[in-house]
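# Observations on the three-dimensional arrangement
Listed below, chain by chain, are the residues.
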Amino acid sequence: MTLIKSISGIRGTIGGRTGDTLNPLDIVKFTTAYAKFIGGKKIVVGRDGRISGPMVRDVVCGTLVGMGYEIIDIGLATTPTTELAVRWHEADGGIIITASHNPTQWNALKLLNREGEFLTAADGAEVLAIAEKEDFEYAPVEKLGHVVKDDTMNERHVQSVLDLRLVDVEAIRKRKFRVCADTINSVGGIILPELFKALGVDFEILNSECTGQFAHNPEPLEKNLQGIMDKMRQGGFDLGIVVDPDVDRLAFICENGKMFGEEYTLVSVADYVLGASKTSITSQTSATSLNTVSNLSSTRALRDVTQKHGGTYSAAAVGEVNVTTKMKEVGAVIGGEGNGGVIYPESHYGRDALVGIGLFLSSLAQKGMTATQLRATFPDYQIAKNRIDLTPETDVDAILVKVKEMFAKDPEATVNDIDGVKIDFPTKWVHLRKSNTEPIIRVYSEAQTMEEADEIGKKLMQVVYDMQ
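Residues numbered from 1 in each chain as written. Predicted model: local features only at pLDDT ≥ 70, side-chain atom pairs only at ≥ 80, totals over all residues. Heavy atoms only, no water.

## Brief notes about the overall build of the protein
To keep it simple, the criterion reads: By definition, any uninterrupted DSSP run of H or I lasting at least four residues is a helix, any uninterrupted run of E lasting at least two residues is a strand, and each is numbered from the N terminus. As defined in this context, the radius of gyration uses C-alpha atoms, and a globule is described by 2.2 Å times the residue total to the power 0.38. Between buried and exposed lies partly exposed: a residue is buried under 20% and exposed over 50% of the maximum accessible area for its type, with that area taken using a 1.4 Å probe on protein chains only. We call two residues in contact whenever any of their non-hydrogen atoms come within 4.5 Å of each other. In these tables, accessible area is a Shrake-Rupley quantity obtained with a 1.4 Å probe, and a residue counts as shielded only by the protein chains included in the view. His is not counted here, nor are the chain ends, while Lys and Arg score as positive and Asp and Glu score as negative. Here the site of a charge means atom NZ of a Lys, CZ of an Arg, CG of an Asp or CD of a Glu.
A count of helical and extended segments in the protein gives 15 helices and 20 strands. The C-alpha atoms of the protein give 22 Å as radius of gyration, which agrees with the globular expectation for 468 residues (23 Å, within 12%). Its C-alpha atoms give the protein principal-axis dimensions of roughly 65 × 55 × 50 Å. Relative to its full complement of 468 residues, the protein shows a buried share of 58%. In the protein, of all internal contacts separated by at least 6 residues, the share reaching a separation of at least 24 is 68%. Accessible surface, the protein: about 18,700 Å² in total, of which carbon and sulfur atoms supply 49%. Between the mean site of the 50 positive side-chain charges and the mean site of the 64 negative ones, the protein shows a separation of 2 Å.

Laid out in structure tokens, this is it:
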């Protein structure tokens, strides 16, 4: 059983002893700490379709009522919907009840500021400090808060996608796409049909019921997606679409049943946005507007595509708030993460699968291509994504020091230690870092062949095994 307290919120498995799992007492403590930190009078609460969602929502909302807040309960909603709802309701913050791609037994509280964006590292650390002190004061009976239900946010989210300048609704409707989507028994099964209907897209949904009983491991990786891949191989669909339980990650499957590549979700959307943005640049607009950002564990293909359009690519530490901070710093027109997370500032500074779908379909429609043909237009890298389970004795800091020492004198290696350790070589890279959301070390590596990527990844993994 696990409880992870981090700057991005609190995440854990349901059930078990207090302090060791995500349970009602710990939910009360961290909700109270967040409410004390955020101040104000109004907080938005949304949740994904997990089995534990109603229990966690009731504890969160009851605690906020006890703190004197007005709670806008938007019910079953995606993470990006909840982020947007904070802005639309002019709330002081928001709590998203979701463990994203984690399995059924997990849940979490993701914490938002008044912009509907994740808390910064400093803010998150302050919430943790407040929780640790447990110096709480609740509202007297005459000042208790109350809950207001709002079931209009999904509809408004869909409309906001249609209204985006680069979502070409007319072209999508003319193309008459037929898609198959796997919504993994969560909130995607509620909102994606509404998006497809609005775009004039014919669709079939797999695992559509929002029961929280995930039909397979909910992380949208190829090894978990054989069901929809087999369905696509049978023919009759232009595109396969896969989302995670809270619909901020997005993966595509080509018309022939082959993976488009989760890493290439952002690459393809960025290529479309950069191309469209470049044609609209005026003499008063600097070409540096064509900036992109992804995290250190994402494919080099985004860098290559950005440079092709005359833009500048920047890398950020892993974590959505780190990416969005960098995007604001460099004025990026698009950014995100290689796990299928698309962040398009014209909509909002958050990963949003609905926005990604709208932009990707616009690109396919305008270019008159199949997904396979579009994928062939991008640089082809192979990325290996491995993980090492941590033991209580694992000294992650010592491991990172050892890895840095291994490559410090290599003339072909560039060492970056802003987030774990990343070693860049001319034709490949490897990144080793401790996960923010699970008790594991992630080892990502990329090269021109999977064999080469796996080889350098396994080399660093052996260093960890030797030190455990």
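What follows picks up the thread again.
## Notes on the packing of aromatic side chains
Filter applied, for reference: For Phe, Tyr and Trp, where Trp contributes only its six-membered ring, two rings pair if their centres lie within 6.5 Å, and the inter-plane angle classes them as stacked under 30 degrees, edge-to-face over 60, or tilted in between. A positively charged side chain is recorded as over a ring if its NZ (Lys) or CZ (Arg) lies within 6 Å of the ring centre. The angle to the ring normal must also be within 35 degrees.
A complete count under the given rule lists five aromatic pairs for this structure. Summarising the aromatic geometry, the rings of Phe196 and Phe203 are spaced 5.5 Å apart at their centres and angled 40° between planes, so their arrangement reads as tilted. Take Phe203: its relative accessible area is 25%, and that puts it in the partly exposed class. One Lys or Arg, Lys328, reaches over the ring of Tyr349 and ends 5.0 Å from the middle of that ring. A cation sits over an aromatic face here: Arg375 above Tyr264, 3.6 Å from the ring centre.

## Section: helix H10 (residues 301–308)
Buried within H10 we find Ala301, Leu302, Asp304, Val305 and Thr306. Among the residues trailing H10, Gly310 stands out with phi positive, at a value near 85°.

## Things to note about the pattern of salt bridges
Applied cut-off: Whenever Lys or Arg places a side-chain nitrogen within 4 Å of a carboxyl oxygen from Asp or Glu, that contact is recorded as a salt bridge.
Within the structure shown, the criterion is met by 33 salt bridges. Put simply, Glu337 and Arg351 hold a salt bridge, and the shortest N to O gap is 3.0 Å. Pair noted here: Glu337 is in strand S14 (residues 334–337) and Arg351 is in the loop between strand S15 (341–343) and helix H12 (353–367), with a separation of 14 residues, a long-range link. You can call Glu337 buried: its relative accessible area is 4%. On the basis of relative accessibility, which here comes to 8%, the residue Arg351 falls in the buried class. Each of Lys110, Asp246, Asp248, Glu320, Glu337 and Arg351 takes part in salt bridges that share partners, so that together they form one network.

## Notes on the side chain of Thr306
Topologically, Thr306 is positioned in helix H10. For Thr306, the residues in contact, after removing those within four places along its chain, are Leu274, Leu290, Thr292, Gly311, Thr312 and Tyr313.

## A look at the sheet that holds strand S5 (residues 93–97)
Put simply, the rule is: DSSP bridges decide pairing: two strands pair if at least two such bridges lie between them. Here an angle of 0 to 180 degrees is reported between the N-to-C directions of two axes, which are lines fitted to C-alpha atoms, with helices fitted over the stretch in contact.
Taken in spatial order, the seven strands line up as S1-S2-S6-S5-S3-S4-S7 in an open sheet, and their pairing is mixed. If you trace the sheet from one side to the other, it starts and ends with strand S1 (3–6) and strand S7 (146–149), each paired once. Between one strand and the next, the sheet's axes are offset by a mean angle of 15°, whatever the strand orientation. When strand S4 (residues 70–76) meets S7, the two strands line up parallel, connected through four bridges.

## Here we look at the side chain of Lys110
Applicable threshold: Within 3.5 Å is the distance limit for a polar contact, defined as a pair of N or O atoms, with the added protein rule that one can donate a hydrogen and the other accept it, and that residues adjacent in sequence qualify only through two side-chain atoms.
Position of Lys110 relative to the elements: it lies in strand S6 (residues 106–112). When its relative accessible area of 7% is taken as the criterion, Lys110 is described as buried. Separated by 3.4 Å, the side chains of Lys110 and Asp246 make a polar contact.

## Examining the pairing of strand S11 (residues 250–253)
The alternating pattern of S11 places Leu250 and Phe252 and Ala251 and Ile253 on opposite faces, both of which are buried. Taken together, the four bridges between strand S10 (residues 239–243) and S11 define a ladder with antiparallel strand orientation. Looking at S11, one finds that Gly240 is bridged to Ile253. Between S10 and S11, which pair antiparallel in sequence order, lie six residues; one of them, Val247, sits at a positive phi of approximately 65°.

## What about the sheet that holds S14?
Backbone-to-backbone hydrogen bonds pair the strands of a sheet. The strands run either parallel or antiparallel. As summarised here, the arrangement of the four strands in space is S13-S12-S14-S15, forming an open sheet in which the pairing is mixed. The strands lining the two open edges of the sheet, one partner per strand, are strand S13 (312–316) and S15. Between one strand axis and the next, the sheet turns by 20° as a mean value, whatever way the strands run. Bridge count for strand S12 (residues 291–295) against S14 is three bridges, and the pairing is parallel. In the strand pairing of S14, Val293 is matched with Gly335. Running at roughly 160° to S12, helix H11 (residues 320–330) makes contact with S12, S13, S14 and S15 of the sheet.

## Some remarks on the packing of helix H1 (residues 24–38) against helix H2 (residues 53–66)
Stated precisely, the cut-off is as follows: Any angle that falls under 35 degrees is termed roughly parallel, while one over 145 is termed roughly antiparallel, one within 65 to 115 roughly perpendicular, and all others oblique. Helix crossings get a hand from a simple test, with the near helix turned counterclockwise from the far one by less than a right angle marking a left-handed crossing and a clockwise turn marking a right-handed one.
Orientation of H1 relative to H2, taken along the N-to-C sense of each, is 45°, at an axis distance of 9 Å. Classed by the angle they form, the pair H1 and H2 counts as oblique. In this structure, H1 crosses over H2, and the sense of that crossing is right-handed. Here Pro24, Ile27, Val28, Thr31, Thr32 and Ala35 of H1 come into contact with H2, specifically with Met55, Val56, Val59, Val60, Thr63 and Leu64.

## A closer look at the state of the cysteines
This is how it is decided: The criterion for a disulfide is a pair of cysteine sulfur atoms lying within 2.5 Å.
Per the stated rule, a full pass over the model turns up zero disulfides. For the unlinked cysteine Cys180, the closest cysteine sulfur is that of Cys254, found at 14 Å. Residue classification places Cys180 among the buried residues on the basis of a relative accessible area of 0%.

## Considering the environment of Lys176
Counting through the fold element by element, Lys176 comes out in the loop between helix H6 (169–175) and strand S8 (178–182). With 62 residues separating them along the chain, Lys176 and Asp238 place their C-alpha atoms 9.4 Å apart.

## Here's the deal with the environment of Glu117
When you line up the elements, Glu117 lands in the loop between S6 and helix H4 (121–133). With 282 residues separating them along the chain, Glu117 and Ile399 place their C-alpha atoms 33 Å apart. Other than its neighbours up to four places away in sequence, Glu117 contacts Leu111, Leu112, Lys328 and Tyr349. At a separation of 2.5 Å, a polar atom in the side chain of Glu117 contacts the side chain of Lys328.

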